[in-house]
Number of protein chains: 2
Amino acid sequence: MATLTKGSPSRTHATVRATVDLVILTLQAGRPHVLLVERGKEPYRGRLALPGGFLRDGEDLHDAAVRELVEETGLDAGHLHLEQLATYGTADRDPRGRVLTVAYLALAPSLPAPVAGSDASDARWAPVGDEAAPFRLAFDHDQILRDGLERARSKLEYTTLATAFCAEVFTIGELRQVYEALWGMAVDARNFNRKVTRTEGFVVPTGQKRQPATGRPAALYRRGPATALYPPMLRTRVDIEN
Amino acid sequence: MATLTKGSPSRTHATVRATVDLVILTLQAGRPHVLLVERGKEPYRGRLALPGGFLRDGEDLHDAAVRELVEETGLDAGHLHLEQLATYGTADRDPRGRVLTVAYLALAPSLPAPVAGSDASDARWAPVGDEAAPFRLAFDHDQILRDGLERARSKLEYTTLATAFCAEVFTIGELRQVYEALWGMAVDARNFNRKVTRTEGFVVPTGQKRQPATGRPAALYRRGPATALYPPMLRTRVDIEN
DNA sequence: GCAAAAGTGTTGTCTCTACACCCATGA
DNA sequence: TCATGGGTGTAGAGACAACACTTTTGC
């Protein structure tokens, strides 16, 4: 019944392999960093890529993401934020054949040294920022990274997710630096302080204080139970696409 | 090297099939409706499900979503909103074997009669609303539907997407009914009017008017170029998860 | 005292909410 | 003239931006 024209997809159901790729973001020296691996195998051997790997038989997607995360960072996955980002399925995105990748976004407190090994010949934190100078990552990973960053940036606006970049206890100043690093703009420390401490459930005081290198000691806080931030903390005018 | 323990995933790479499922929302009689099909084949024969189908060889994900959309609704896909929602990949979600599904969300202006045929023995618009009375859809489609609805609801807040539910030209009153239907709450018509008409690029006046059944004629508008809505139009306090 | 970071107070502006009120039409 | 929906005006509350000012430490 169907006449296949040149280049059109056949009517057979595609059998695909699925990978899970991770955009793992953290903060280092006041700048957002992403975990990248140098590929040890073809295709794209020697090129930088997001960490990830094939989904295994009988393995849930989310479990696969957790597994990759632990393999690459050695972090205890229980303590960090992991959410699905999007799925990338262009037919020719992988020269090995039809491979769908489900991308996940992970947010981690600062820098545990990455774990080298597995199929990545090298893993490192790379600073990510001005889109002016992107990496030339393998596959469509540049796009995935952009999407992940934008997701993180916009979620800071209307959720309390910024605390995911902080350690167990943190100061308001550290939390503010998360916003400044990801948004790439200065945030008024005084207004920020009020906003955060007056938003029910965003942070809870520990009663402790911490001495900075210089200056007045800052009160320490833990994450609060709130997840939504209402009213949101809006960046000054950025276009949202889609 | 690896010792497989009982129930743990094997180390072989999963080969999966991929489907694309659609949450197609529209408005009918002031209530949101979703397009459902009655399954004509096993599994879940006779049960309601979201429309969808298998990804074909060499077919891009997004193209597959467009194809399904056209097949099921007969709509011109150029005129409606289609975006990726999320991917569902629990190992046992499909009794036929390992099937990943990439869900898409589509928003359509009101009711073109659905196209029966293809592998769906029947297609219909079903009212969707109070989560108190969910459908008992096939697979994990109840979850996908919930996620799609919530996505649509929250996108009304900070984008101009509500116009996707309206015809080519529409009145502010009709646009307001989109918000009221999806949010399930009354919106003050007078404040809404100002908000919409004063937000640069949300709607553009056509200069025409339309006579309602009763009452003063309403000015007609088209969609404007803006996609983001700034400042957002916030629902009164709803928790955002994840 | 000085630098540096934490934290409070204050003022003007903007936006939203909640209404009162007028407009244009059909019955 | 009434009912119905469209549309403007306005006053009060809340949030935010901007910035002056105080606090607490190390040097």
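No experiment lies behind these values; they were computed from the predicted model shown.

## Brief notes about the protein's contact with DNA strand C
Not every one of the 23 residues close to DNA strand C is listed here, only the nearest: A:R194, A:A219, B:R190, B:N191 and B:K195. In DNA strand C, atoms within 4 Å of the protein come from the sugar-phosphate backbone in 51% of cases. Here A:R194 contributes a side-chain N or O atom positioned 3.0 Å from a base nitrogen of DNA strand C. Take the surface near DNA strand C: its biggest share by element is 4 residues, from helix α4 (residues 189–198) of chain B. Split by residue class, the surface near DNA strand C holds 7 nonpolar, 7 polar and 9 charged.

## Some remarks on unusual backbone geometry
Residues and elements named next belong to chain B. The omega torsion across E42 and P43 is -5°, close enough to zero to call that bond cis. As for its placement among the helices and strands, P43 is situated in the loop between β2 (31–39) and β3 (48–49). At the junction of Y230 and P231, the peptide bond is cis and its omega measures out at 0° in the coordinates. Mapped onto the elements, P231 comes out in the segment after β10 (218–223).

## Some points on the pairing of strand β1 (residues 15–28) of chain B
Most of β1(B) sits inside the fold, with 12 of its 14 residues counted as buried. As judged from the 3 bridges shared by strand β1 (residues 15–28) of chain A and β1(B), these two strands associate in the antiparallel manner. Within the sheet, the bridge partner assigned to A:R17 lies in β1(B) and is B:T15. Of the strand pairs in this sheet, β1(B) and strand β6 (residues 99–107) of chain B are connected by 9 bridges, and their pairing is parallel. When the bridges of β6(B) are listed, B:L25 appears paired with B:L107. In this structure, β1(B) lies alongside strand β4 (residues 52–54) of chain B, joined through 3 bridges in antiparallel fashion. Along β4(B), the bridge assignment pairs B:T19 with B:F54. By the bridge criterion, 4 bridges tie β1(B) to β2(B) in an arrangement that is antiparallel. Across the sheet, the residue bridging to B:Q28 is B:R31, located in β2(B). The hairpin formed by β1(B) and β2(B) contains 2 residues between the paired strands, and B:A29 there has a positive phi angle of roughly 50°.

## Notes on the pattern of salt bridges
Where side chains of opposite charge bring their charged atoms close, a pairing between them can arise. Residue and element names in this part refer to chain A. Inspection of the entire model under this criterion finds 28 salt bridges over all chains. R124 serves as the salt-bridge partner of E38, at 3.2 Å between the closest nitrogen and oxygen. Here E38 is found in strand β2 (residues 31–39), whereas its partner R124 is found in strand β7 (residues 120–127), with 86 residues between them in sequence. For R124, a relative accessible area of 31% corresponds to the partly exposed category. One salt bridge in this structure joins D188 and R190, with 3.0 Å as the shortest N-O distance. For R190, a relative accessible area of 62% corresponds to the exposed category.

What counts, and at which threshold
Per-chain numbering applies: the sequence of each chain, read as written, is numbered from 1 onward. Lettering of chains starts at A and numbering of ligands starts at 1, both following the order in which they are written. Owing to the predicted nature of the model, reporting of local features is limited to residues with pLDDT of at least 70; listing and counting of side-chain atom pairs is limited to 80 or more, with chain, interface and lining totals taken over all residues. To get the side-chain values, all heavy atoms of the structure are used, and hydrogens and water are removed first. Residues are labelled near a given molecule or strand when at least one of their non-hydrogen atoms is within 4 Å of it. What qualifies as a polar contact is a pair of N or O atoms within 3.5 Å, subject to a donor-acceptor requirement within protein and to the restriction that residues adjacent in sequence count only when both atoms come from side chains. A run of H or I in DSSP becomes a helix once it reaches four residues, and a run of E becomes a strand once it reaches two; helices and strands are each numbered from the N terminus. Amino acids are sorted into nonpolar (Ala, Val, Leu, Ile, Met, Phe, Trp, Tyr, Cys and Pro), charged (Asp, Glu, Lys and Arg) and polar (every other residue, Gly among them). Three labels apply to residues, based on accessible area from a 1.4 Å probe with only protein chains included: buried if under 20% of the type maximum, exposed if over 50%, partly exposed otherwise in between. Whether two strands pair depends on DSSP finding at least two bridges between them. Salt bridge, as applied in this entry: a Lys or Arg side-chain nitrogen positioned within 4 Å of an Asp or Glu carboxyl oxygen.

Fair warning: the whole summary comes from geometry, so function is off the table for now.
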